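One-letter residues, chain by chain:
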Number of protein chains: 2
Amino acid sequence: MEFKDIVMQRYATKQFDGRMVDEDKLFTLLDIIRHSPSAFNIQPWKIKVVSASRIKASLRPHANDQSQITTCSHLLVFCANMEFESVIDKVLGGMEQSGVPKAMVTQYGTMIKGYIGSMTPDHRMGFAREQIHIALANAVNGAKSLGFDSCPMGGFDPAAFSEVLFLPEEYVPVVLCAIGYAADTAPVKWRLPREEVFF
Amino acid sequence: MEFKDIVMQRYATKQFDGRMVDEDKLFTLLDIIRHSPSAFNIQPWKIKVVSASRIKASLRPHANDQSQITTCSHLLVFCANMEFESVIDKVLGGMEQSGVPKAMVTQYGTMIKGYIGSMTPDHRMGFAREQIHIALANAVNGAKSLGFDSCPMGGFDPAAFSEVLFLPEEYVPVVLCAIGYAADTAPVKWRLPREEVFF
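Not measured: the values here are computed from a predicted model.

Asker: Give me unusual backbone geometry: which residues, what numbers.
Answerer: Residue and element names in this part refer to chain B. In this structure, Asn41 is a non-glycine residue whose phi angle is positive, near 60 degrees. Here Asn41 lies in the loop between helix H2 (23-34) and strand S1 (45-50). The backbone of Phe166 shows a phi angle near 50 degrees, a positive value even though the residue is not glycine. For Phe166, the position within the fold is in the loop between helix H8 (158-164) and strand S4 (171-180).

Okay, here's the thing in structure tokens:
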């Protein structure tokens, strides 16, 4: 399937049929998501994968009672991982292990730590949220490329989600992506014309 | 090309060979980008497409003198379009014209205008920046799917870019994406392992 067709055919599925996405496809999607790019390769994300019906039912009232939450196969809860320093240490270690020259890793580490150190908490959160939306795009396109559907969702109560999912306070829910097989049909896709977007 | 391979093979190209992406491929990429999803379908973006060498040369000092700016084919300057109300009116008109039932358009319009009305300026900007990172993901994947390369770039001076490009104040530069043909090779792609990301 051409990437252009993936982008044109995916849509925010409002109703899933309850079938489960099999583990092989799920793991391929998770690999697509975790290979998303992020600024400085920081990967400031933790993603809770919810499949148990009981938990989905507990979450639904905290997401405007939307039926995607309970009819989907898996609900991905994209969280900002606010422990930037510990993620960076892992990234630096991983780069070195995978053969990036040590001098380059050191230079990168100095630069990135300086940048992170200068950020306010609000700036950190904004930065993490932006990067997470790159991963979200890969999630919705990845689902369609693997033959199933998805629904990105911003309308939910992050504090209630944290409570239901027992999230540690350094993981902050940012956006949801329900995945599964659609039981509805794609609406007309309307977008601003080319001349309204590009100049 | 499978979407998974696109995600695995794309990388932030640091040096392009100066060849131009032809108009047919460029326009396909622009169509991929403008069909990106956004919360409430708001599409809060305006994208300046820079191809003139003289302008790229004027921008380069304001992007840490990075050579991608002048060696790329086109530089896409993703701007937040802060005039949400006027975009929403266009989206509502477009939805109705393309056959979405009027009652549904009206209901959506009331909901979205209420939501937008409740946002502070900072909240609006954060929201627009997040949606733009979805379009950015489609840009880098779209480029690879069409046989060329890209480099997303956050390190630049937005005020200086606005001045060089004579941007109206309601268009705020958020992130860049240089596109073209790579003259370098992909570095090792390192990402956090699956168990560090998903839980």
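So, next bit.
Asker: Run through the sheet that holds strand S2 (residues 74-81) of chain B, naming residues and quoting values.
Answerer: By way of backbone hydrogen bonds, the strands of a sheet pair with one another, either parallel or antiparallel. Residues and elements named next belong to chain B. Read from one edge of the open sheet, 4 strands run S1-S2-S4-S3, paired in antiparallel fashion. The outermost strands of the open sheet, each flanked by one partner alone, are S1 and strand S3 (149-153). Across the sheet, the axes of successive neighbouring strands diverge by a mean angle of 25 degrees, strand direction being ignored. The pairing of S1 with S2 spans 6 bridges and is classified as antiparallel. Bridge pairing in S2 links Lys48 to Val77.

Asker: Got a sec to walk through the sheet that holds strand S3 (residues 149-153) of chain A? Specific residues and values, please.
Answerer: All names here are of chain A. Here we have 4 strands laid out as an open sheet, ordered S1-S2-S4-S3, and antiparallel in their pairing. A strand with exactly one partner marks an edge of an open sheet, and here the two such strands are strand S1 (45-50) and S3. Recorded for the sheet is a direction-independent mean angle of 25 degrees between the axes of neighbouring strands. As paired strands, strand S2 (residues 74-81) and strand S4 (residues 171-180) are joined by 8 bridges and run antiparallel to one another. Its bridge partner being in S4, Asn81 is matched across the sheet by Tyr171.

Asker: Pulling in residues and values, what's your account of the relation of the copies chain A and chain B?
Answerer: For these two chains of identical sequence, chain A goes onto chain B by a turn of 180 degrees and a shift of 0.0 Å along the axis, with RMSD 0.0 Å. Here the symmetry operator amounts to a two-fold rotation axis. Both copies contact each other with a shared surface, as 98% of the interface residues of chain A are interface residues in chain B too.

Asker: Run through the nonpolar core, naming residues and quoting values.
Answerer: Grouped together as the largest cluster of nonpolar side chains are 91 residues, with contacts concentrated most on Phe78(A) and Phe78(B). Among all residues touching Phe78(A), those that are not within four sequence positions of it are Trp45(A), Ile47(A), Ile132(A), Ala135(A), Leu136(A), Val174(A), Val175(A) and Cys177(A).

Asker: Any chance you could break down the pairing of S3(A) for me, citing the residues and the numbers?
Answerer: Residue and element names in this part refer to chain A. Taking burial as the measure, the 5 residues of S3 include 5 buried ones, the bulk of the element. With 5 bridges joining them, S3 and S4 adopt antiparallel strand pairing. Following the sheet pairing, Met153 is matched in S4 by Leu176.

Parameters and conventions
- The residue count restarts for each chain, going from 1 along the sequence in the order it is written.
- To label them, take the chains in the order written and letter them from A, then take the ligands in the order written and number them from 1.
- It should be noted that, the model being predicted, local features are given only for residues of pLDDT at least 70 and side-chain atom pairs only at 80 or more, the latter also being counted only at that level, while totals for whole chains, interfaces and linings use all residues.
- Secondary structure is summarised from DSSP: a helix means a run of H or I of at least four residues, a strand means a run of E of at least two, and numbering begins at the N terminus for each.
- The criterion for strand pairing is that DSSP finds at least two bridges linking the strands in question.
- Each axis is a line fitted through C-alpha atoms, and for a helix only the stretch in contact is used; angles between axes span 0 to 180 degrees, taken between their N-to-C directions.
- A least-squares fit on C-alpha atoms brings the copies together, and the residues used are those whose pLDDT is at least 70 in both copies.
- We call two residues in contact when the distance between their C-beta atoms, placed using the backbone, is within 7 Å.
- Nonpolar core, as used here: buried Ala, Val, Leu, Ile, Met, Phe, Trp, Tyr and Cys residues forming one set through C-beta atoms within 7 Å.
- Labels follow a simple rule on C-beta atoms placed from the backbone: if 20 or more others lie within 10 Å of a residue's own, it is buried; if 12 or fewer, it is exposed; otherwise it is partly exposed.

These figures come from the coordinates and say nothing about function on their own.
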